[in-house]
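Listed below, chain by chain, are the residues.
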Amino acid sequence: MREMPLSHPFDDDKLKEECGVFGVIGMAEAANFVALGLHALQHRGQEAGGIVAHDFGPGFTSARRFGYVRDNFTKASLMETLPGPISIGHVRYSTAGSKGATQIRDVQPFFGEFSMGGAAIAHNGNITNAIALRRELIDRGSIFQSSSDSECIIHLMARSLQQNIPDRMKDALRRVEGAFSIVAMTRTKLIGVRDRLGVRPLVLGQLGDGWVLSSETCALDIIGAEFIREIAPGEMVVITENGVESSQPFENVGSRFCIFEHVYFSRPDSILGGQSVYETRRQIGVELAREAPVEADLVCPVPDSGTPAAIGYSHESGIPYAMGIIRNQYVGRTFIEPTEQIRSLGVRLKLNVNRALIKGKRVVLVDDSIVRGTTTTKIKQMILDAGATSVHFRIASPPTAWPCFYGVDTPKRENLLAAKMSEDEMCEHLGVDSLKFISLDGLYRAAGQAQGRNNAKPQYCDACFSGQYPVAPADMLENGFEIKTAAE
Ligand code: SF4
């Protein structure tokens, strides 16, 4: 059986970002830089990765592999097969088209050969009308190679009558609904595009004479590139040896960037919207302490994602911060498919309570989110078993009550704890002394919106909390999914 690396101690009880994209142009052996960039974006997808490169001579070359970037794209024998000054890459969790076991044919970048030359595409996000598009394309004769919704873009490009690849891409993306941040390449061009709402991130960087596109700024840092700016919602950049050419093929109707990137998905050392992700998370903790104070002896993070918010909570409340839970950094492949006996140990394989600290204390635990709630129950029990006198949970996001259709893997609505219960009911169900989530307004304030959420025109996508989807999920609606009504 193929081993699937785990990214987080509670992979079964977290929302999962599905993809990271990275591309470079104008650098010798560009694929090596792409491998490093993908390594820095590994938190956005651990199932598989792929790199495409181009050099005059061999033409386009590609490699797709299951597993971590570091286990595949560090081998000289492989990297030598990806020569040239232009390259793009992709890491994935899984796409909307292929939940569960990934097939190698679903691993991006995808490649298409057109009359004016080839193009490779790596996509972060989710096309919300992919089923309808695929049906239409198949009816018209397209033959799909994968189950990924992203392949629709290649087929739509093949049908365009435009004379060059960027214009064909614009044509194709005008038919596409949903969220996309795309990094693409031709023989001589690196192309970056964001959907009109800019739901998923995409940034531009520079290194010497070369240019970089990346899902996050942390991946610019790893190769020493300078962060230039974010690609704007609805913008396309086409980068050649002559520099960066920008156009706005899709109307900029106001950003609805994913607010969960601030809470959890992005790395804390990245910059989003001009603000450090770490600082936003710390500020969430500050807001939480103001909104939901509690008498306690210790504030402890649920590692690692709860750490900055716990620091903020401690700072604002004056309750001492402590590492009450220690994460085993080396849980991974050894226990991926363990025996039933080992599996029953569950969270204990990954986390251990620092008993000496916890015993006899009233403990505030800060976590980034509650999805199904299964892990929260286990952690609470571990803390009580270690002798804590009370356990209070403070959550750095509002209740996650709605699934995401924009490139994040979420359980079905009926499996989200907050879809079934109020905050008080969740508190009772989880058996904790108190449970409080940050408000939507508090989250917006922490993310730099001093006045909180503008309910008439929200500044972010927050559909998984509010049920207000900025793009109607057409495929899901066709399948019977019901969006929140105004009365709810
Ligand atoms: S629904 Fe939630 S996770 Fe999905 S894009 Fe919107 S804020 Fe992000």
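Presented here is a report on the structure given in the accompanying data block. (Residues numbered from 1 in each chain as written. Predicted model: local features only at pLDDT ≥ 70, side-chain atom pairs only at ≥ 80, totals over all residues. Heavy atoms only, no water.)

## Quick look at the overall build of the protein
Moving on, step 1. If you tally the helices and strands in the protein, you get 18 helices and 25 strands.
Moving on, step 2. At 23 Å, the protein has a C-alpha radius of gyration in line with the 23 Å of a compact globule built from 488 residues.
Moving on, step 3. Dimensions of the protein, computed from C-alpha atoms along their principal axes, come out at roughly 70 × 55 × 40 Å.
Moving on, step 4. Scored against the burial criterion, the 488 residues of the protein give a buried share of 59%.
Moving on, step 5. Taking contacts inside the protein between residues at least 6 apart in sequence as the whole, the part at least 24 apart equals 68%.
Moving on, step 6. Working note: accessible area of the protein is about 19,400 Å², and carbon and sulfur atoms make up 50% of it. (Helix = DSSP H or I, 4+ residues; strand = E, 2+ residues; numbered from the N terminus. Rg over C-alpha atoms; globule rule 2.2 N^0.38 Å. Buried < 20%, exposed > 50% of the residue type's maximum accessible area, 1.4 Å probe, protein only. Contact = heavy atoms within 4.5 Å. Areas by Shrake-Rupley, 256 points an atom, 1.4 Å probe, with all protein chains shown as cover.)

## Some points on the packing of aromatic side chains
Moving on, step 1. Applying the stated criterion across every chain yields a total of 12 aromatic pairs.
Moving on, step 2. By way of ring pairs, the aromatic residues W402, F405, Y406, Y469 and F481 are connected into one cluster.
Moving on, step 3. The ring of F144 has R134 sitting right over it, with the charged end atom 4.1 Å from the ring centre.
Moving on, step 4. One residue, R413, lies across the ring of W402, its end atom 3.5 Å from the ring centre. (Phe/Tyr/Trp six-rings, centres within 6.5 Å; stacked < 30°, edge-to-face > 60°. Lys NZ or Arg CZ within 6 Å of the ring centre and 35° of its normal.)

## Some remarks on the sheet that holds strand β7 (residues 117–127)
Strands pair in a sheet through their backbones, by hydrogen bonds, and they do so in one of two ways: parallel or antiparallel.
Moving on, step 1. Pairing is antiparallel in the open sheet, where six strands are placed in the order β6-β7-β8-β9-β13-β14. Single-partner strands in this sheet number two, and they are β6 (110–114) and β14 (243–247). Neighbour-to-neighbour, the strand axes of this sheet turn through a mean angle of 20 degrees, independent of strand direction.
Moving on, step 2. For strand β13 (residues 236–240) and β14, the ladder comprises five bridges, and the chain directions are antiparallel. Bridged to M236 within β14 is S247. (Pairing = 2+ DSSP bridges. Axes fitted to C-alpha atoms, helices over the stretch in contact; angles between N-to-C directions.)

## Here's the deal with unusual backbone geometry
Moving on, step 1. Looking along the chain, the bond that leaves Q108 and enters P109 is cis, with omega of 0 degrees.
Moving on, step 2. Following the sequence through the fold, P109 ends up in the loop between β5 (86–92) and β6.
Moving on, step 3. Note the cis peptide between P303 and D304, where omega equals -10 degrees.
Moving on, step 4. Its location among the elements puts D304 in the loop between β18 (298–301) and α10 (307–317).
Moving on, step 5. Even without a glycine there, the phi angle at E29 is positive, about 50 degrees.
Moving on, step 6. Summarising the element assignment, E29 is placed in the loop between β2 (19–25) and α1 (30–40).

## Concerning the site of the ligand
Moving on, step 1. The environment of the ligand is made up of 13 residues, and the closest members are R200, C258, C404, C461 and C464.
Moving on, step 2. Broken down by secondary-structure element, the contributors of at least two residues to the shell around the ligand are α8 (260–265) and α17 (463–466).
Moving on, step 3. Taken together, the residues that form the shell around the ligand break down as 11 nonpolar, no polar and two charged. (Near = heavy atom within 4 Å. Nonpolar A, V, L, I, M, F, W, Y, C, P; charged D, E, K, R; others polar.)

## Brief notes about the pattern of salt bridges
Moving on, step 1. Using the criterion set out here, one finds 21 salt bridges in the structure.
Moving on, step 2. The salt bridge involving R362 is made with D297; its shortest N-O contact spans 2.9 Å. With a gap of 65 residues between them, R362 in strand β21 (residues 362–367) and D297 in the loop between α9 (277–291) and β18 connect regions that are remote in the sequence.
Moving on, step 3. Classification of R362 by relative accessible area gives partly exposed; the value is 29%.
Moving on, step 4. Members of the salt-bridge network, linked through shared partners, are E287, R290, E291, E316 and R445. (Salt bridge = Lys/Arg side-chain N within 4 Å of Asp/Glu carboxyl O.)

## Examining the environment of T128
Moving on, step 1. Here T128 lies in the loop between β7 and α4 (130–139).
Moving on, step 2. C-alpha separation for the pair T128 and L41, spaced 87 residues apart in sequence, amounts to 24 Å.
Moving on, step 3. Beyond its immediate chain neighbours, meaning those up to four positions away, T128 contacts E177, G178, F405, Y406, V471, A472, P473, A474 and D475.
Moving on, step 4. Here G178 takes part through its backbone nitrogen, which lies 3.4 Å from a polar atom of the side chain of T128. (Polar contact = N/O pair within 3.5 Å; in protein donor to acceptor, adjacent residues only side chain to side chain.)

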